[in-house]
Amino acid sequence: MKKIKLAHVVNNAMGRGGVSTVAYHLLKRLSDERYERYLYSLKFDERGSSALDGRTNRFEEIGIKASFASQDTKKPFDVGRLAQWLLGNQIDILHTHSYRPNIIGRLAGVLCGKMKIVGHYHNYYDNKWEKDDSLIFDQLLAPFSDQLIACSESVQKHISERVGVPPEKIEVVLNGVDLDQFKPCDDPISLKREMGLPLDCKVIGMVGRISEQKAQDDFIKAANLIKKAIPNTIFLIVGQTEDESLITGLTELAAAHGVDKDVIFTGHIPDVHRVYSVLDILVVPSRWEGLALVWVEGMASGKPIVATNVGAILEVVVQNETALLVPPSMPSSIASGVIRLLKNPEEARTMGEKGRERAEMFSWDRSAMQLDNLYKKLMEESRICP
């Protein structure tokens, strides 16, 4: 049987966000007997210049052919070069992920013709649509897309309203978690020692790329309040950023709030599951989200969570059972939630246990099977362009 040539397009194969991780787990679980799997990154290959090498190598290790745009590619030519690559590899199904690939990738696919086009939405994009005046691209490309996917019902509703597509035309494929990788740790003390963390301190942490969306500034402001109530605490900010000025601003903010010696910026940590193991409480102070991997990873790791009530979080956690939810942009509420759990360790322990049980609902295998069925259906249908 002739293999289906499948290409996933991401913005950055070594991306600091979760989109490349979603693409990896979905591609990994699709049969290499049925599919010839390709990955295209709109950002050039940075391997050898950063600690993120493994984020691209992992695709190649499971037999996926990874390609990259040229470093010097100008925006108008991103589309042309990708179209050239799609035609050269005779791609049958083009699956684009998130904001930039959904525009550039689908434009290239439309130019090529014949191939099936799938646009995958992972987040709310109002800030980018308004900044770039680019919503029109999504609206005009929707009729040329054979399938639209959302990572949650919340994102499905958002895309339906903003792009103007009936919700039933948008398939919800939930993000998942690797339960074998993310699990409660039997010996967090050894990991604390290995990471150079004080053994007698409570560790409060957040995980995610450093950005306005993830609200590390609110975490630092909350840290100041938590430290005053419970002095024996330290705070981890795990993740990198493409904008170093954000780091500068955050370090200045920590100093201004008197917690510069208590807030640790770890940068990117490849084995991020180890970070969850040393946390007493996971904080997710995001201003907006689609379906954040950190929610599910934290639950799978058996951690109590204090998070802002945004996006699809109520599709993931159970309020007051697997997480305490607070309004966004309110550091005092974040601090109150953390202090409550630190003062009530039994509640925190029970919350972590129930979170682990809840995380079992989020399966990459199930999501990949759903995607496989969607691809089969597309290949059986003849594409009709408007």
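Structure shown above.
> What am I meant to see in the overall build of the protein chain here?
Of the regular secondary structure elements, the protein chain holds 16 helices and 13 strands. With 386 residues in all, the protein chain has 52% of them scored as buried. Looking at the protein chain alone, contacts between residues at least 24 apart form 74% of all its contacts between residues at least 6 apart. Just so you have it, the protein chain exposes about 17000 Å², and 50% of that area is on carbon and sulfur atoms. Side chains of the protein chain carry 48 positive and 51 negative charges; the gap between the two charge centres is 1 Å.

> Explain the sheet that holds strand β7 (residues 170–172) to me, please; I cannot follow it from the model alone.
Two orientations exist for strands paired in a sheet by backbone hydrogen bonds: parallel and antiparallel. What the 7 strands build is an open sheet, ordered β3-β2-β1-β4-β5-β6-β7; its pairing is parallel. With one partner strand each, in any of the chains shown, β3 (65–68) and β7 form the two edges of the open sheet. The sheet shows a mean angle of 25° between the axes of neighbouring strands, taken without regard to direction. Packing against the sheet, helix α4 (residues 99–112) makes contact with β1 (4–10), β4 (93–97), β5 (116–121) and β6 (147–150), and its axis sits at approximately 155° to β4.

> Mind showing me how you'd approach the pairing of strand β12 (residues 305–308) here?
Two faces belong to every sheet, and in a regular strand the side chains alternate between them. Of the two faces of β12, the one carrying Ile-305 and Ala-307 and the one carrying Val-306 and Thr-308 are both buried. With 3 bridges connecting them, strand β11 (residues 281–284) and β12 associate as parallel partners. In the strand pairing of β12, Leu-282 is matched with Ile-305. Considered for its hand, the β-α-β crossover made up of β11, helix α12 (residues 293–300) and β12 is right-handed. In the sheet, β12 pairs with strand β13 (residues 324–326) via 3 bridges, with the strands oriented parallel. Looking at β13, one finds that Ala-307 is bridged to Leu-325.

> Any chance you could explain the packing of aromatic side chains here in plain terms?
For any pair of aromatic rings, the description consists of the separation of the ring centres together with the inter-plane angle of the planes. Summed over all chains, the structure comprises 9 aromatic pairs. For the ring pair Tyr-38 and Trp-85, a centre distance of 5.9 Å and an interplane angle of 85° mean the geometry is edge-to-face. On the criterion of sequence distance, the pair formed by Tyr-38 in strand β2 (residues 35–41) and Trp-85 in helix α3 (residues 75–88) is long-range, its members being 47 residues apart. A relative accessible area of 5% means that Tyr-38 is categorised as buried. Overall, Trp-85 belongs to the buried group, its relative accessible area being 12%. Ring geometry for Tyr-121 and Tyr-125: centres 6.0 Å apart, planes at 55°, overall tilted. The exposure class of Tyr-121 is buried, given its relative accessible area of 1%. Assessed through its relative accessible area of 3%, Tyr-125 is described here as buried. Aromatic ring contacts, followed pair by pair, group Tyr-99, Tyr-121, Tyr-125 and Trp-129 into a single cluster. Just above the ring of Tyr-24 sits the side chain of Arg-58; from NZ or CZ to the centre is 4.9 Å.

Parameters and conventions
- Residues numbered from 1 in each chain as written.
- Predicted model: local features only at pLDDT ≥ 70, side-chain atom pairs only at ≥ 80, totals over all residues.
- Heavy atoms only, no water.
- Helix = DSSP H or I, 4+ residues; strand = E, 2+ residues; numbered from the N terminus.
- Buried < 20%, exposed > 50% of the residue type's maximum accessible area, 1.4 Å probe, protein only.
- Contact = heavy atoms within 4.5 Å.
- Areas by Shrake-Rupley, 256 points an atom, 1.4 Å probe, with all protein chains shown as cover.
- Lys, Arg positive; Asp, Glu negative; His and termini not counted.
- Charge placed at Lys NZ, Arg CZ, Asp CG, Glu CD.
- Pairing = 2+ DSSP bridges.
- Axes fitted to C-alpha atoms, helices over the stretch in contact; angles between N-to-C directions.
- Right-handed = clockwise from strand over helix to strand, strands pointing away.
- Phe/Tyr/Trp six-rings, centres within 6.5 Å; stacked < 30°, edge-to-face > 60°.
- Lys NZ or Arg CZ within 6 Å of the ring centre and 35° of its normal.

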